[in-house]
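# Structural features, examined
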Amino acid sequence: MLIVMTAQATPADIERVCKKIESLGFRPHPIPGAQKTAIGITGNPGPIDPAEFEDFPGVAEAIRVSKPYKLVSREVKSEDSIVYVKGVPIGGPGLVFCGGPCSVESREQILTSARAVKAAGAQLLRGGAYKPRTSPYAFQGLGEEGLKLLAEARAETGLGIVTEAIDVETFDLVENYADCVQIGARNMQNYSLLRRAGRSRLPILLKRGMSATLEEYLMAAEYILSEGNYNVILCERGVRTFNDHSRNTLDLSVVPAVRKLSHLPIVVDPSHGTGKRDRVHPMGLAAIACGAAGLLVEVHPTPDHALSDGQQSLYPEQFAHLVEECRAIYEVLARRRAPEHALA
Ligand code: PEP
Ligand code: MN
């Protein structure tokens, strides 16, 4: 159920409707739009009678949401959401670039990476301190020591930090250091972790599970929003298919599909999406051309010595070239779509 308020509705009108929703034992989610506020309702086990709300001042209509996901859907919010990570807008005009190593390995490695991605034009630094590795014997990350090194890199460069939380137990710690918490592909359906992320004050970068359908993916995001955290960035990182020429199959067609159904921004990770360094650049360009809000890219000062994902990590100069060409593609498309061009 969605209560759409009139453009003239006052904050008191909105408050009154929220109180009514709470009195029914459900949770209100006021979502301000450019013209009107919509109030999503969650927690109701079955349909609610629209008549309960229609006589309230400021209510335009009470409508049923037809999709299984509600708060992430365009039905609830027609405009694109812009999510801010340390002041950097994601999902509005312009592109966001988040670069850095798969894992934080040492002080020198992360500081060198941070300086390099910043010089290349990235606004955000990535790096895992807690790594979800397929093998229990593989490098698992530096833990809190890695988080401290990321904070040091932020202090020096001003870059916002994106880093992964792999479980509820360490979420608080990650939250203390990060500017944006990543939930990885393997945890996309870890519902207790999603609920914890939903109670975070930080934006969440939610990667698509490696075999998740679009609906499963949006439902995972819905878990986070339903707990009250509306700052979610989606990230396509490739899915499992029969192909054996790349690590995953980067499903770029999910970008326009998500943008049709959801107001949330979506970025693309061509590193995990391909698993091979020489594929990252072309697929990164394609991601921007099909409407992604930006890229998440693994960059390492010495990829051949990386403790994880070296084979898909770009050298810093390759990343700089990718950022430059993505911006060029974005400019061409933005110019062609500008109203003056349409009139010409
Ligand atoms: C990562 O970003 O390094 C990572 C582990 O990604 P994914 O969860 O997409 O595999
Ligand atoms: Mn990785």
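Since we're looking at a predicted model, the values are computed, not measured.

What counts and how
Residues numbered from 1 in each chain as written. Chains lettered and ligands numbered in written order. Predicted model: local features only at pLDDT ≥ 70, side-chain atom pairs only at ≥ 80, totals over all residues. Heavy atoms only, no water. Helix = DSSP H or I, 4+ residues; strand = E, 2+ residues; numbered from the N terminus. Rg over C-alpha atoms; globule rule 2.2 N^0.38 Å. Buried < 20%, exposed > 50% of the residue type's maximum accessible area, 1.4 Å probe, protein only. Areas by Shrake-Rupley, 256 points an atom, 1.4 Å probe, with all protein chains shown as cover. Expected span 1.5 Å × (residues − 1). Axes fitted to C-alpha atoms, helices over the stretch in contact; angles between N-to-C directions. Parallel < 35°, antiparallel > 145°, perpendicular 65-115°, else oblique. Left-handed = near helix turned anticlockwise from the far one by under 90°. Contact = heavy atoms within 4.5 Å. Nonpolar A, V, L, I, M, F, W, Y, C, P; charged D, E, K, R; others polar. Domains from an automatic or database assignment. Near = heavy atom within 4 Å. Polar contact = N/O pair within 3.5 Å; in protein donor to acceptor, adjacent residues only side chain to side chain. Donors = N, O, S within 2.8 Å, 3.2 Å for Na, K, Ca; no water. Patch = residues over 30% accessible without salt bridge, like charges linked within 9 Å, V, L, I, M, F, W, Y side chains within 5 Å. Salt bridge = Lys/Arg side-chain N within 4 Å of Asp/Glu carboxyl O. Lys, Arg positive; Asp, Glu negative; His and termini not counted. Charge placed at Lys NZ, Arg CZ, Asp CG, Glu CD.

## Brief notes about the overall build of the protein chain
The secondary structure content of the protein chain amounts to twelve helices and 14 strands. In terms of overall size, the protein chain behaves like a compact globule, its C-alpha atoms giving a radius of gyration of 21 Å where 344 residues would be expected to give roughly 20 Å. Across its three principal axes, the protein chain shows a C-alpha extent of roughly 65 × 55 × 45 Å. Buried positions account for 54% of the 344 residues belonging to the protein chain. Of the accessible surface of the protein chain, which amounts to about 14900 Å², a share of 53% is contributed by carbon and sulfur atoms.

## Considerations on helix α3 (residues 107-119)
For α3, built from 13 residues, the straight-helix expectation of 18 Å at 1.5 Å per residue is met to within 8% by its first-to-last C-alpha distance of 18 Å. Two residues or fewer after α3 comes Gly121, characterised by a positive phi angle close to 110 degrees.

## A few points about the packing of helix α6 (residues 191-198) against helix α7 (residues 214-226)
Here α6 crosses α7 at 45 degrees, and the two axes come no closer than 7 Å. Here α6 is positioned oblique relative to α7, judged by the angle of their axes. In this structure, the crossing between α6 and α7 has a hand that is right-handed. Of the residues in α7, those in contact with Tyr191, Leu194, Arg195, Ala197 and Gly198 of α6 are Ala220, Tyr223, Ile224 and Ser226. Grouping the amino acids of the contact of α6 with α7 by side-chain chemistry returns six nonpolar, two polar and one charged.

## Brief notes about the domain arrangement of the protein chain
A common way to state how big an interface is: give the accessible area lost once the parts meet. Partitioning the protein chain into domains gives domain 1 (2-63) and domain 2 (83-340). Centre-to-centre separation of domain 1 and domain 2, based on C-alpha positions: 35 Å.

## Points about unusual backbone geometry
In terms of backbone geometry, most residues other than glycine have negative phi values and most peptide bonds are trans. Phi at Lys86 is positive, roughly 45 degrees, even though this residue is not glycine. Mapped onto the fold, Lys86 is located in the loop between β5 (83-85) and β6 (88-90). Overall, Lys86 belongs to the partly exposed group, its relative accessible area being 43%.

## Let's talk about the site of ligand 1
All residues adjacent to ligand 1 are Cys102, Arg126, Lys131, Glu164, Gln182, Gly184, Ala185, Arg186, Lys207, Arg237, His272 and Glu298. Arg186 is positioned with one of its side-chain polar atoms (N or O) 2.9 Å from an oxygen atom of ligand 1. Contact with the protein chains covers 97% of the free accessible surface of ligand 1, which is 290 Å².

## Notes on the coordination of the manganese ion (ligand 2)
Looking at the manganese ion (ligand 2), one finds its protein donor set to be Cys102 (SG), His272 (NE2), Glu298 (OE) and Asp309 (OD), positioned 2.0 to 2.4 Å from the metal centre. Along the chain, the residues donating to the manganese ion (ligand 2) are arranged with the sequence spacing C-x169-H-x25-E-x10-D. In this pair, Cys102 sits in the loop between β7 (96-100) and α3 while Glu298 sits in strand β14 (residues 294-298), placing the two residues 196 residues apart along the sequence. For the pair Cys102 and Glu298, one class covers both residues: buried.

## Some remarks on a negative patch on the surface
A cluster of acidic residues, Asp49, Glu54, Asp55 and Glu61, forms a negative patch on the protein surface. Mapped onto the elements, Asp55 comes out in the loop between α2 (51-54) and β4 (59-63). Classification of Asp55 by relative accessible area gives exposed; the value is 72%.

## Notes on the pattern of salt bridges
Considering all chains together, one arrives at 19 salt bridges under this definition. Notably, a salt bridge pairs Arg107 with Glu152, separated by 2.4 Å at the nearest N-O pair. Of this pair, Arg107 sits in helix α3 while Glu152 sits in helix α4 (residues 144-157), and the two are 45 residues apart along the sequence. Assessed through its relative accessible area of 28%, Glu152 is described here as partly exposed. For Glu175, the salt bridge goes to Arg196, with nearest N and O atoms at 2.7 Å. One end of the pair, Glu175, is in helix α5 (residues 168-177); the other, Arg196, is in helix α6, and 21 residues separate them in sequence. Among the charged side chains, a salt-bridge network with shared partners connects Arg74, Asp80 and Arg259.

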